[in-house]
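Residue-level structural notes
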Amino acid sequence: MPLALLALAVGAFGIGTTEFVMMGLLPDVADDLHISIPAAGHLVSAYALGVVIGAPLLAAVTARMSRRTVLIALMGLFVAGNALSALAPGNDALLAARFLSGLPHGAFFGVGAVVATSMVAPERKARSVSLMFLGLTVANIAGVPAATLMGQHLGWRATFLGVSAIGLAAIASLALLIPHDRAAAPATGLRGELAALRSVPVWLALGTTVAGFGALFAAYSYITPMLTDAAGFAETNVTLLLALFGVGATAGNLLGGRLADHSLRGTLFGGLTSLAVVLLLFPVLMRAEWSAALSVALLGMAAFVTGSPLQLMVMEKATTAPSLASSANQAAFNLANAGGAWIGGIALAAGFGVTSPALAGAALAVLGLGVAGVAYAVDRRHEVVREGRVVATHVPEQAGALHR
């Protein structure tokens, strides 16, 4: 695997750290800015909104630029957003800075996935994407806990300065390791790029991402009350247990990349099925501490097995605009984050029990399987139509040869 993938992983590590660290810093930020914790929670939403808006927009407007240049520029925007977060004088300024920090997130992963797959042989494409995503999953093991600890001891502003430093290291790595390239945008321009998103297979792939990762976030958003109220863990142990989720996610990400290079659809169907099964077992697994800890790791593994297959499938369905479609998949991931948390909250508010969000997640995983099944049927139909056209064009030629 090319060393350049390390540069992409460093950028992904910084992005993953800043995305998730805010959850652990909410009380500190709320106290310092004299706002309520629910109001501070809007800082999480502001980042997610930046991802959803920035992912397709930045990928589209930079389509004609060198991808190496785009990656460095996106990481520069990331550094600026986090530095402004550290210097924000009040809540409104911090909201704007968090939105700015989220803008380059999806486009970085989208363009990075295209760059990663372009540097390896076709049979290693999924593995190259999983190695880039490795930075994101490792951030949950090391980056987020370390950044949270820094914020608690040095102040939350120090955390964002530290993340900015990671971004600067990523810029240096990208400049040093990513090979120079020429822009390879289609001649149709921005309108042609956007036209690639009108494809039904592309939307089915994006729908699978929303449903599949919505299943994850329906449960993961409420994992703390499950661990404390159902399994009986003390709140002080939750941080360590969440690191187990990161370990499972890292293992699942690497496994999914390796398996998807052999069978992309098989890995996708297997991952979604495993996720549904794990979530269905949550009410049972949460009855004891050891099984609850195991369930957290299994949740991360089952969910992230599907990460690189979904990213690669979206790119393959939009061959004329892979960067835009790949970035749109990151927007779909963040929609899954918001939608899954909302659906899990509905189950919890309805009084179905503290583990009910996991069952809601299982239903979303089954929905994801259904969407993936429809996508497979559509692909098969297109293949049959193409084969029919090939046969139809060759039959007259063969008949003419026989006549002669």
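Just above, that's the structure.
Residues numbered from 1 in each chain as written. Predicted model: local features only at pLDDT ≥ 70, side-chain atom pairs only at ≥ 80, totals over all residues. Heavy atoms only, no water.

Here we look at the packing of aromatic side chains
What the rule picks out here adds up to eight aromatic pairs. Judged by centre distance (6.1 Å) and plane angle (85°), the ring pair of phenylalanine 108 and phenylalanine 109 falls under edge-to-face. Comparing phenylalanine 108 with phenylalanine 109, the two get one shared label, buried. Through pairs of rings, three or more aromatic residues link up here, namely Phe213, Phe217, Tyr220, Phe245, Phe304 and Phe333. (Phe/Tyr/Trp six-rings, centres within 6.5 Å; stacked < 30°, edge-to-face > 60°. Buried < 20%, exposed > 50% of the residue type's maximum accessible area, 1.4 Å probe, protein only.)

Observations regarding the packing of helix α4 (residues 91-118) against helix α14 (residues 322-349)
Taken N-terminus to C-terminus, the directions of α4 and α14 make an angle of 135°; their axes are 7 Å apart at the nearest point. Of the possible angle classes, the one that applies to α4 and α14 is oblique. As for the relative orientation of α4 and α14, their crossing is right-handed in sense. Taking contact as the criterion, the partners of His105, Gly106, Ala107, Phe109, Gly110, Val111, Ala113 and Val114 in α4 are, on α14, Pro322, Ser323, Ser326, Ser327, Gln330 and Asn334. For the contact of α4 with α14, a count of residues per class yields six nonpolar, eight polar and no charged. (Axes fitted to C-alpha atoms, helices over the stretch in contact; angles between N-to-C directions. Helix = DSSP H or I, 4+ residues; strand = E, 2+ residues; numbered from the N terminus. Parallel < 35°, antiparallel > 145°, perpendicular 65-115°, else oblique. Left-handed = near helix turned anticlockwise from the far one by under 90°. Contact = heavy atoms within 4.5 Å. Nonpolar A, V, L, I, M, F, W, Y, C, P; charged D, E, K, R; others polar.)

Looking at the packing of helix α1 (residues 4-33) against helix α3 (residues 67-87)
At a minimum axis separation of 12 Å, α1 and α3 run at an interaxial angle of 30°. Classified by the angle between their axes, α1 and α3 sit roughly parallel to one another. The chirality of how α1 crosses α3 is left-handed. Side by side, α1 and α3 meet where Leu8, Gly11, Gly14, Ile15 and Thr18 of the first sit next to Leu71, Met75, Phe78 and Asn82 of the second. Its residues assigned to classes, the contact of α1 with α3 comprises five nonpolar, four polar and no charged.

Quick notes on helix α5 (residues 125-154)
A rise of 1.5 Å per residue sets the reference length of α5, with its 30 residues, at 44 Å; its end C-alpha atoms lie 41 Å apart and thus fit the reference within 8%. Residue alanine 139 marks the point of greatest curvature in α5, where the axis turns by about 60°. Of the residues one or two after α5, glycine 155 is the one with positive phi, at around 100°. (Expected span 1.5 Å × (residues − 1). Bend = angle between axes of the 7 residues up to and from the residue.)

Comments concerning unusual backbone geometry
Positive phi is not limited to glycine here, since histidine 34 has a value of about 60°. Following the sequence through the fold, histidine 34 ends up in the loop between α1 and α2 (37-61).

Quick look at the layout of surface pockets
Of the pockets and cavities examined, the largest pocket occupies roughly 1200 Å³. Contributing to the lining of the largest pocket are 37 residues, with Phe20, Met23, Gly24, Tyr220 and Leu242 lying nearest its centre. Partitioning the lining of the largest pocket into residue classes produces 22 nonpolar, 13 polar and two charged. (1 Å grid on protein atoms, 1.4 Å probe; cavity = no way out; pocket = protein on both sides within 12 Å on 5 of 7 lines; lining within 4 Å. Points joined across faces, edges and corners; volume = space filled by probe spheres on them.)

Topic: the environment of glutamate 235
Position of glutamate 235 relative to the elements: it lies in the loop between α9 (223-230) and α10 (238-260). The exposure class of glutamate 235 is exposed, given its relative accessible area of 67%. On a C-alpha basis, the gap between glutamate 235 and proline 225 in space is 9.1 Å, while along the polypeptide they are 10 residues apart.

Some details on the environment of methionine 313
With respect to the helices, strands and loops of the structure, methionine 313 is situated in helix α13 (residues 307-317). Taking the C-alpha atoms as reference points, methionine 313 and alanine 126, separated by 187 residues in sequence, lie 9.5 Å from one another. Among all residues touching methionine 313, those that are not within four sequence positions of it are Ala205, Leu264, Arg265 and Leu268.

Overview of the pattern of salt bridges
Across all of its chains, the model carries three salt bridges by this definition. Arginine 127 is paired through a salt bridge with aspartate 261; the nearest N and O atoms lie 3.6 Å apart. With arginine 127 in helix α5 and aspartate 261 in the loop between α10 and α11 (264-285), this residue pair connects regions lying 134 residues apart in the sequence. Among the residues examined, arginine 127 registers a relative accessible area of 16% and is labelled buried. Notably, a salt bridge pairs arginine 265 with aspartate 379, separated by 2.0 Å at the nearest N-O pair. (Salt bridge = Lys/Arg side-chain N within 4 Å of Asp/Glu carboxyl O.)

A word on empty space enclosed by the protein
Following the criterion strictly, the structure yields two cavities of 30 Å³ or more and no others. Empty space within the largest cavity amounts to approximately 120 Å³. Residue assignment for the lining of the largest cavity shows that the elements contributing at least two residues are α5, α8 (200-220), α13 and α14. No other element matches α14, which puts three residues into the lining of the largest cavity. In terms of residue class, the lining of the largest cavity is built from five nonpolar, five polar and no charged.

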